[in-house]
Number of protein chains: 2
Amino acid sequence: MKIKAIVTLKEGVLDPQGKAIQQTLNGMNFSDVKQVRQGKYFDIEVNLEDEKKAKAKVEEMCKKLLANLVIEDYKIL
Amino acid sequence: MKIKAIVTLKEGVLDPQGKAIQQTLNGMNFSDVKQVRQGKYFDIEVNLEDEKKAKAKVEEMCKKLLANLVIEDYKIL
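Residues numbered from 1 in each chain as written. Chains lettered and ligands numbered in written order. Predicted model: local features only at pLDDT ≥ 70, side-chain atom pairs only at ≥ 80, totals over all residues. Heavy atoms only, no water.

J.: Would you mind going over the pairing of strand S1 (residues 2-9) of chain A with me for this structure?
T.: On any regular strand, side chains alternate: one points to one face of the sheet, the next to the other face. Residue and element names in this part refer to chain A. One ladder, built from 6 bridges, connects S1 with strand S2 (residues 33-46); its direction is antiparallel. Opposite Lys2, over in S2, you have Glu45 as the bridge partner. Pairing between S1 and strand S3 (residues 72-76): 5 bridges, direction antiparallel. For Ile6, the partnering residue across the bridge sits in S3 and is Lys75. (Pairing = 2+ DSSP bridges. Helix = DSSP H or I, 4+ residues; strand = E, 2+ residues; numbered from the N terminus.)

J.: Sorry, what's going on with the pattern of salt bridges here?
T.: Two side chains that carry opposite charge are able to pair once their charged atoms sit near each other. Residues and elements named next belong to chain A. One pass over the full model with this rule turns up 14 salt bridges over all chains. Here Glu59 ties to Lys63 by a salt bridge, and the two come within 4.0 Å at their closest N and O atoms. Of the two residues, Glu59 and Lys63 both sit in helix H2 (residues 51-66), 4 residues apart, roughly one turn of that helix. Here Lys63 falls in the partly exposed class, since its relative accessible area comes to 48%. For Glu60, the salt bridge identified is with Lys64, shortest N-O distance 3.1 Å. Of this pair, Glu60 and Lys64 both sit in helix H2, 4 residues apart, which is roughly one turn of that helix. On the basis of relative accessible area, Glu60 is assigned to the partly exposed category, the value being 32%. Note on Lys64: relative accessible area 51%, which makes it exposed. (Salt bridge = Lys/Arg side-chain N within 4 Å of Asp/Glu carboxyl O. Buried < 20%, exposed > 50% of the residue type's maximum accessible area, 1.4 Å probe, protein only.)

Quick look at the structure:
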């Protein structure tokens, strides 16, 4: 089954990439944009039929590899 | 209000980054992992109170800047 996960920078951690996107959007007539923060999205297919077990597995992957918990948070969707 | 959007590679487009993550996970005792595909996640704060209008605005941003529609799909969450 497929599990989706998102890894984002923690609040307060500077996001220069997001800032650059925000400034570009502001310059493209999207003046309503106040802030952009960019993160990573993962679509992970695991050989497990049980949703709860699959999500627990993906959570472990986030902790061990996909997210740097010092500056990033993860969320299983 | 904050709108979240995801940009992913279309089905069939090679994702070497996702493949590398999958192989790394397989080597870390996550042998259940069959496929990983990576995408981008955007958290966009716009100065609009109406959710429908805000989402329409973010969709326009995806079309014009955030996604390359030749090889990528976007999804507003």
